[in-house]
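In case you want the letters, here they are:
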Amino acid sequence: MRARKTGVVLGLAAVTLGAAACGGSGDSGKVRLSLVSYSTPQAAFEAIIKEYQKTPEGKKVAFTKSFGASGEQSRAVANGLKADIVEFSLESDMTRLVDAGLVDANWNSGPQKGMVSNSVVVLATRKGNPKNVKTWDDLVKPGVQVITPNPFTSGGAQWNIMAGYGAKANKGADKAAGTAYLHALFKNVPVQDSSARKSLQTFAGGKGDVLLAYENEAIFAKQNNQPIDYTVPDSTLLIENPVAVTKKSAHPAEAQAFLKYLYGKKAQEIFVKNGYRPVVDGVPGAEGFPNPSGLFTIADLGGWPKVKKEFFDPKGSIMADVEKGIGVSVEG
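Residues numbered from 1 in each chain as written. Predicted model: local features only at pLDDT ≥ 70, side-chain atom pairs only at ≥ 80, totals over all residues. Heavy atoms only, no water.

**A look at the pattern of salt bridges**
For clarity, the threshold we go by: Basic side-chain nitrogens of Lys or Arg form a salt bridge, by our definition, when they fall within 4 Å of a carboxyl oxygen of Asp or Glu. Numbering goes from the N terminus for both helices and strands, where a helix is a DSSP run of H or I of at least four residues and a strand is a run of E of at least two.
Scanning the entire structure with this criterion turns up 10 salt bridges. Note that Lys131 and Asp209 form a salt bridge whose closest N and O atoms lie 3.1 Å from each other. Linking Lys131 in the loop between β6 (115–125) and β7 (146–147) with Asp209 in the loop between α6 (196–204) and β8 (210–214), this pair joins segments that are 78 residues apart in sequence. Between Lys273 and Glu269 there is a salt bridge; the shortest N-O distance is 3.9 Å. Taken as a pair, Lys273 and Glu269 lie in helix α9 (residues 265–273) at a separation of four residues, close to a single helical turn. The structure contains a network of salt bridges with shared partners spanning Lys175, Lys306 and Glu310.

So, in structure tokens, the structure goes:
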């Protein structure tokens, strides 16, 4: 299948980094649930909660919401931030809470394995794609500047890296080729911001020729009418976003009811409208997403525990060596 390219722009939406109450005086007497999430799906959750509160179960519930960088949100909950429902960019951020005794070890035992939304890694370029960037090989050509965050601070960067590695390593079968590619790629990365959102801001500010990004971010940008281009490579990584109810929820029944709603077609349709790929069948709009012929998952590369140790251990790993080779700190 040929890669798809469409004109979009990466808009910079305001992100709520702290807790934000949903509702006002009319919330008296309602159960209040605390949702802690990574930043990107904020708009989707605002719309989902609005629809949920029209249901018999949802009419009894008010929400407190917190949105921020996935790793930071996970660590905040581990350190005591109140949360009834948590959603993250990376499974490893959920694993941290399992290890801390805050999320049940069986959180991923359902039909969707605990994942509530999907996306893929794409190549975002300037309008008109002046450097003609269409494939992973184009990113390592002389004179092409690639914007991606520091993988020792950003979960989005880890998705980006594993997408490029998996594509060039034949899903991990040729480790040497994949590793060599990462060394070449990062020689073309002029700056590594601490988060994917900051990298987006750097790119929107005019630096770089191509931005490694989530497909949903590119679609969100299109919806904000500031066109650039993006390409879905033939070989790319499926991004899977986990969700769970915490063990310390003061209202577990209500939290579970909301979790169940997230997998319903209405909520999944809202995710689709916000650029995410659904995790259930039959959702309107899902047919509009391209199906890359070489799509692979993190499980194809050994799973997050293996990947974290092999690629992102600051004390010694593939990316620690890559960063050392270009003089970049690996201290997150």
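Okay, back to it.
**A few points about helix α8 (residues 252–262)**
Threshold: The classification of residues rests on relative accessible area computed with a 1.4 Å probe and restricted to protein chains. Under 20% of the type maximum is buried, over 50% is exposed, and intermediate values are partly exposed. Starting at the helix axis, one direction is taken to each C-beta atom, and the arc is that of these directions.
Taken as a whole, α8 has its buried residues at Ala255, Phe258, Leu259, Tyr261 and Leu262. Seen end-on, α8 carries its buried residues on one side only, within an arc spanning 160 degrees. More than 90 degrees from the buried face of α8, the exposed residues found are Ala253 and Lys260.

**Concerning the packing of helix α5 (residues 175–186) against helix α11 (residues 318–326)**
Our working definition: In this analysis, axes come from line fits to C-alpha atoms, helices being fitted only over the stretch in contact, and the angle between any two N-to-C directions falls in the range 0 to 180 degrees. Throughout, a crossing is termed right-handed when the near helix is turned clockwise from the far one, and left-handed when it is turned anticlockwise from it by less than a right angle. Contacts between residues were defined by any pair of non-hydrogen atoms, one from each residue, lying within 4.5 Å. Three residue categories are used. Nonpolar comprises Ala, Val, Leu, Ile, Met, Phe, Trp, Tyr, Cys and Pro, charged comprises Asp, Glu, Lys and Arg, and polar comprises the others, including Gly.
Relative to each other, α5 and α11 sit at 35 degrees, their axes nearing to 9 Å. Crossing handedness for the pair α5 and α11: right-handed. Packed against α5, whose contacting residues are Lys175, Thr179, Leu182, His183 and Phe186, the element α11 presents Ile318, Met319, Asp321, Val322, Glu323 and Ile326 at the interface. A class-by-class count of the residues in the contact of α5 with α11 yields six nonpolar, two polar and three charged.

**What to know about the packing of aromatic side chains**
What counts is decided by this rule: Only rings of Phe, Tyr and Trp enter the pairing, Trp through its six-membered ring, and a pair is recorded when the two centres are within 6.5 Å. The plane angle decides the type: under 30 degrees is stacked, over 60 is edge-to-face, the rest tilted. For a Lys NZ or an Arg CZ to count as sitting over a ring, it must be within 6 Å of the ring centre and within 35 degrees of the ring normal.
Throughout the structure, instances matching the rule amount to nine aromatic pairs. Between Phe45 and Phe271, the ring centres sit 5.8 Å apart and the planes meet at 85 degrees, which makes this aromatic pair edge-to-face. Of this pair, Phe45 sits in helix α1 (residues 42–52) while Phe271 is found in helix α9, placing the two residues 226 residues apart along the sequence. Taking the relative accessible area as the measure of exposure, Phe45 reaches 0% and is therefore buried. Judged by centre distance (6.1 Å) and plane angle (40 degrees), the rings of Phe311 and Phe312 are tilted. Here Phe311 and Phe312 have matching classes, each one buried. It is Arg126 that lies over the ring of Phe203; its NZ or CZ is 3.7 Å from the centre.

**Concerning the environment of Arg96**
Filter applied, for reference: Any pair of N or O atoms that falls within 3.5 Å is considered a polar contact. Within protein, one atom must be able to donate a hydrogen and the other to accept it, and sequence-neighbouring residues count only if both atoms are side-chain atoms.
Looking at the secondary structure, you find Arg96 in helix α3 (residues 91–99). Owing to a relative accessible area of 29%, Arg96 belongs among the partly exposed residues under this scheme. Each C-alpha atom, one on Arg96 and one on Arg75, is 7.8 Å from the other, the two residues being 21 residues apart in sequence. Contact partners of Arg96, with chain neighbours within four places excluded, come to Gly71, Ser74, Arg75 and Ala78. In this structure the side chain of Arg96 is engaged in a polar contact, spanning 2.8 Å, whose partner is the side chain of Ser74.

**Concerning the pairing of strand β3 (residues 31–38)**
How we decide: Here the rule is simple: two strands pair whenever DSSP picks up at least two bridges between them. If you view a crossover with the strands going away from you and the path from the first strand over the helix to the second runs clockwise, you call it right-handed.
With seven of eight residues buried, β3 lies mostly within the body of the structure. As judged from the eight bridges shared by β3 and strand β4 (residues 61–68), these two strands associate in the parallel manner. Paired with Val31 across the strands is Val61, a residue of β4. Crossover β3 to β4 through α1 is right-handed. Alignment of β3 against strand β5 (residues 85–87), held across three bridges, turns out to be parallel. Bridging across to β5, Val36 finds its partner in Val86.

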